[in-house]
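# Observations on the model geometry
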Amino acid sequence: CYDIAAAAFIAITGTASGNLPTTQATSGAWTPPTMDMVANRILVTHPGFTGSNKVGWIDITGFSSNTITGSTHTSTLIDTLSANPITSGWQVGDTIAGTNVVAGSRIVSMTATSVTLDTATTGSTAGVTLTVTGGTSGAPVWGAGNTNTNALSALPKAVKVFNGRAYYAVGNTAVYSDALNPLQVTNATQALTLGDNQDITAFGGLPLNNVVAGGVIQSLIAFKGASAVFQITGDQATSNLAANVINGAPGTLAPLTICGTPLGLAYIAPDGLRVIALDASTTPEAIGAHGTGVTIPFSTAVYPSRMCAAFNSSKIRISCQNGTTQGQPFEEWWYDIGINVWTGPHSFPASHIQPYFGGNGQGFILSA
């Protein structure tokens, strides 16, 4: 973790060979990792997770609990808890301490009356006072595992926050967590199956069509490769959760190009830059088509899944490897939505771009 304001690195603890994903190749087609924050946990999807690890997280919740008691049994089970750990705020991955509990033990799963740890306790004692803690922003803690009660059945390809819940792209289903508890899926019905059997490959948040409440996400956009695009609206708590296909909207093979703008949700489709507007309509054709701008570098990108983009201060900044230019160089193309002007190619070989709001102005953070 790097603290931009303090210009200092912050160590993340909790990493181990058993909870880290396998490092991916730095070239070629891939499934990009994704990250989003729900209730002070940064959720991480990654194609390199194996075994029981389906999702990772960085815990900065600052959570602490020391009033619940339970019984240890020289095993990974602690039962007869004096209160429901789930409703008390305990989460998978939290550190747990108490008599007979090995230092550094973490919660793997929970029921209303018990918890399962990653390490067996060293003795059998009833009425043990248990202390459960999470990480903080100054001392973030890494963890990996699966959702509680109803586990994710496969590696999710993306995660996105919507209405305080974590939405996971698992096959052709959007599995959603409890509100403000991203690793708890209480009901097996907390899932939306979208269309056919094609996998959901990416999520994007469509901004609210309301300047007063700007920054609020009005709906979640789910992409199924280059084909169907769905809009998820509402919530289980208000009995209006729904998913509908957006007619006429091509999908994307470039998940890292999805970015919010004042015009709506922008992304690179197979034919170029597209925008899903704030009313969920879509541009009838790529922006820049028919010689009015830039499309060919995007439609002929060597590896579309390696493309990336971000928006800030009126500009969409797009990076790709141009397959039609000699040497297949990495290029950036900038589109100014205020004056409808393209510039480029610029030469920074970005593998990831994010907007930056702070310091002396607005700009971007890029990784070469």
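Refer to the preceding data block for the structure.
The paragraphs below set out a description of the structure included in this document.

What counts as what
- Residues numbered from 1 in each chain as written.
- Predicted model: local features only at pLDDT ≥ 70, side-chain atom pairs only at ≥ 80, totals over all residues.
- Heavy atoms only, no water.
- Helix = DSSP H or I, 4+ residues; strand = E, 2+ residues; numbered from the N terminus.
- Rg over C-alpha atoms; globule rule 2.2 N^0.38 Å.
- Buried < 20%, exposed > 50% of the residue type's maximum accessible area, 1.4 Å probe, protein only.
- Contact = heavy atoms within 4.5 Å.
- Lys, Arg positive; Asp, Glu negative; His and termini not counted.
- Charge placed at Lys NZ, Arg CZ, Asp CG, Glu CD.
- Phe/Tyr/Trp six-rings, centres within 6.5 Å; stacked < 30°, edge-to-face > 60°.
- Lys NZ or Arg CZ within 6 Å of the ring centre and 35° of its normal.
- Patch = residues over 30% accessible without salt bridge, like charges linked within 9 Å, V, L, I, M, F, W, Y side chains within 5 Å.
- Areas by Shrake-Rupley, 256 points an atom, 1.4 Å probe, with all protein chains shown as cover.
- Salt bridge = Lys/Arg side-chain N within 4 Å of Asp/Glu carboxyl O.
- Disulfide = S-S within 2.5 Å.
- Pairing = 2+ DSSP bridges.
- Axes fitted to C-alpha atoms, helices over the stretch in contact; angles between N-to-C directions.

## Quick notes on the overall build of the chain
Helix and strand content of the chain: one helix and 31 strands. For 368 residues, the compact-globule estimate of 2.2 N^0.38 gives 21 Å, and the C-alpha radius of gyration of the chain, at 22 Å, lies within 12% of that figure. The principal-axis extents of the C-alpha atoms in the chain amount to approximately 75 × 45 × 40 Å. Counting the 368 residues in the chain, one finds 45% classified as buried. Of all intrachain contacts in the chain linking residues separated by at least 6 positions in sequence, the fraction that spans at least 24 positions is 54%. Charge separation in the chain, taken as the distance between the mean sites of 11 positive and 16 negative side-chain charges, equals 3 Å.

## Side note on the packing of aromatic side chains
Scanning all chains against the criterion turns up seven aromatic pairs. Between Phe49 and Trp142 the ring centres are 6.4 Å apart and the planes differ by 15 degrees, which places this aromatic pair in the stacked class. Linking Phe49 in the loop between strand 4 (41-45) and strand 5 (55-59) with Trp142 in strand 12 (residues 141-145), this pair joins segments that are 93 residues apart in sequence. Under the relative-accessibility criterion, Phe49 is labelled buried at 4%. An aromatic cluster is present here, built from Phe162, Tyr167 and Tyr176 joined pairwise through their rings. The ring of Trp30 carries the charged tip of Arg306 above its face, separated from the ring centre by 4.1 Å.

## Observations concerning a nonpolar patch on the surface
There is a patch of nonpolar side chains on the surface, built from Tyr2, Ile4, Phe9 and Ile365 and spanning about 440 Å² of accessible area. Residue placement: Ile365 occurs in strand 31 (residues 361-367).

## Digging into the state of the cysteines
Under the definition given, this model contains zero disulfides. Of all cysteine sulfurs, the one in Cys308 lies closest to Cys259, which takes part in no disulfide; the gap is 10 Å. Classification of Cys259 as buried rests on a relative accessible area of 9%. Free cysteine: Cys320, not disulfide-bonded; nearest cysteine sulfur from Cys308 at 9.2 Å.

## Quick notes on the sheet that holds strand 22 (residues 242-245)
Pairing within the open sheet is antiparallel, and its four strands lie in the order 19-20-21-22. Strands at the two margins of the open sheet, each flanked by one partner only, are strand 19 (202-207) and strand 22. Ignoring which end each strand starts from, the neighbouring axes of this sheet average 30 degrees apart. Sheet topology places strand 21 (residues 229-233) next to strand 22; four bridges connect them, and they run antiparallel.

## Thoughts on the sheet that holds strand 3 (residues 34-38)
Neighbouring strands of a sheet are bound in pairs by backbone hydrogen bonds; such pairs are parallel or else antiparallel. Reading across from one edge, 3-4-5-12 is the order of the four strands in this open sheet, with antiparallel pairing throughout. A single partner strand is all that each edge strand has here, and the edge strands are strand 3 and strand 12. Ignoring strand direction, the axes of neighbouring strands in this sheet form an average angle of 25 degrees. Bridge analysis of strand 4 against strand 5 gives four bridges, and the strand direction is antiparallel. In the sheet register, Ile42 faces strand 5, and the bridge partner there is Ile58.

## A few points about the pattern of salt bridges
Per the counting criterion, the structure on display carries nine salt bridges. Arg165 is the salt-bridge partner of Asp235, the closest N and O atoms lying 2.8 Å from each other. Taken together, the residues span a long stretch of sequence, with Asp235 in the loop between strand 21 and strand 22 and Arg165 in strand 15 (residues 165-170) at a distance of 70 residues. One salt bridge connects Lys224 with Asp196, and the closest N-O pair in it is separated by 3.1 Å. With a gap of 28 residues between them, Lys224 in the loop between strand 20 (217-223) and strand 21 and Asp196 in the loop between strand 18 (191-193) and strand 19 connect regions that are remote in the sequence. Classification of Lys224 by relative accessible area gives buried; the value is 1%.

## Considering the pairing of strand 12
Within strand 12, five of the five residues are buried, leaving the element largely enclosed by the surrounding structure. One ladder, built from five bridges, connects strand 5 with strand 12; its direction is antiparallel. Bridge pairing links Val55 to Gly145 in strand 12.

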